[in-house]
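# Topology and contacts: notes
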Amino acid sequence: VQLQASGGGLVQAGGSLRLSCAASGRTFSRYAVGWFRQAPGKEREFVAANRWSGGTTVYADSAKGRFMIPRDNARNTVYLQMNSLKPEDTAVYYCAADPRIIVGTMRVGHEYDYWGQGTLVTVSS
């Protein structure tokens, strides 16, 4: 499966953005999809993941209450809806997918085999 992440951009603090992760090659309604981010000079970190439609969803503490990860299986797309953005959310955001992820590994980047190319989100203060 090939993943295409998009939707990044420049937004003011307090604003919202919706990132998209579109899959091609396979129908990934039964894939777990995760969002990760990497800020300049920092290691990649987990943001949110959904195991599959209607399944388990987990969020990093930094994302709880502000981010959501809805799916549109008809479009083979998973979104990251980000609200109340903060300057510390500035990073390159990556989506990842894998059909074998279990609940216990949803937050673990190296468990995902398929990755998108990343999209830059910049939040100004």
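Okay, so let's go over this structure.

Rules used in this analysis
- Residues numbered from 1 in each chain as written.
- Predicted model: local features only at pLDDT ≥ 70, side-chain atom pairs only at ≥ 80, totals over all residues.
- Heavy atoms only, no water.
- Helix = DSSP H or I, 4+ residues; strand = E, 2+ residues; numbered from the N terminus.
- Buried < 20%, exposed > 50% of the residue type's maximum accessible area, 1.4 Å probe, protein only.
- Contact = heavy atoms within 4.5 Å.
- Lys, Arg positive; Asp, Glu negative; His and termini not counted.
- Charge placed at Lys NZ, Arg CZ, Asp CG, Glu CD.
- Phe/Tyr/Trp six-rings, centres within 6.5 Å; stacked < 30°, edge-to-face > 60°.
- Pairing = 2+ DSSP bridges.
- Salt bridge = Lys/Arg side-chain N within 4 Å of Asp/Glu carboxyl O.

### Some words on the overall build of the protein chain
- Along the backbone of the protein chain there are zero helices and twelve strands.
- For the protein chain, the N- to C-terminal ordering of α and β elements is β-β-β-β-β-β-β-β-β-β-β-β.
- On the principal axes, the C-alpha backbone points of the protein chain span a range of 40 × 25 × 25 Å.
- Per-residue burial over the protein chain gives 46% buried out of 125 residues.
- Contacts spanning at least 24 positions in sequence make up 58% of the contacts within the protein chain whose residues lie at least 6 apart.
- Taken together, the 14 basic and 9 acidic charged side chains of the protein chain have centroids lying 6 Å from each other.

### Considering the packing of aromatic side chains
- Applying the stated criterion to the full structure yields five aromatic pairs.
- Look at Y31 and Y114: their rings are 6.3 Å apart centre to centre, the planes differ by 50°, and that puts the pair in the tilted class. Of this pair, Y31 sits in the loop between β3 (17–24) and β4 (32–38) while Y114 sits in strand β11 (residues 114–115); the two residues are 83 residues apart in sequence, bridging distant segments of the chain.
- A residue is classified by how much of its surface remains accessible, and Y31, at 7% relative accessible area, is buried.

### Remarks on the pairing of strand β1 (residues 2–6)
- Because side chains alternate across β1, one face comprises the buried residues L3 and A5, and the other comprises Q2, Q4 and S6, none of which is buried.
- When β1 meets β3, the two strands line up antiparallel, connected through five bridges. The residue of β3 that forms the bridge with A5 is C21.

### A few points about the pattern of salt bridges
- In this structure the tally under the stated criterion is seven salt bridges.
- Of the charged contacts, one joins E45 and R37 as a salt bridge, the two residues approaching to 2.6 Å between their closest N and O atoms.
- What makes E45 partly exposed here is its relative accessible area of 36%.
- Where D89 meets R37, a salt bridge forms, and the shortest distance between an N and an O atom there is 2.9 Å. Of this pair, D89 sits in the loop between β9 (77–82) and β10 (91–98) while R37 sits in strand β4, and the two are 52 residues apart along the sequence. Like D89, the residue R37 is buried in the burial classification.
- What you see here is one network of salt bridges that share partners, running through R37, E45, R66 and D89.

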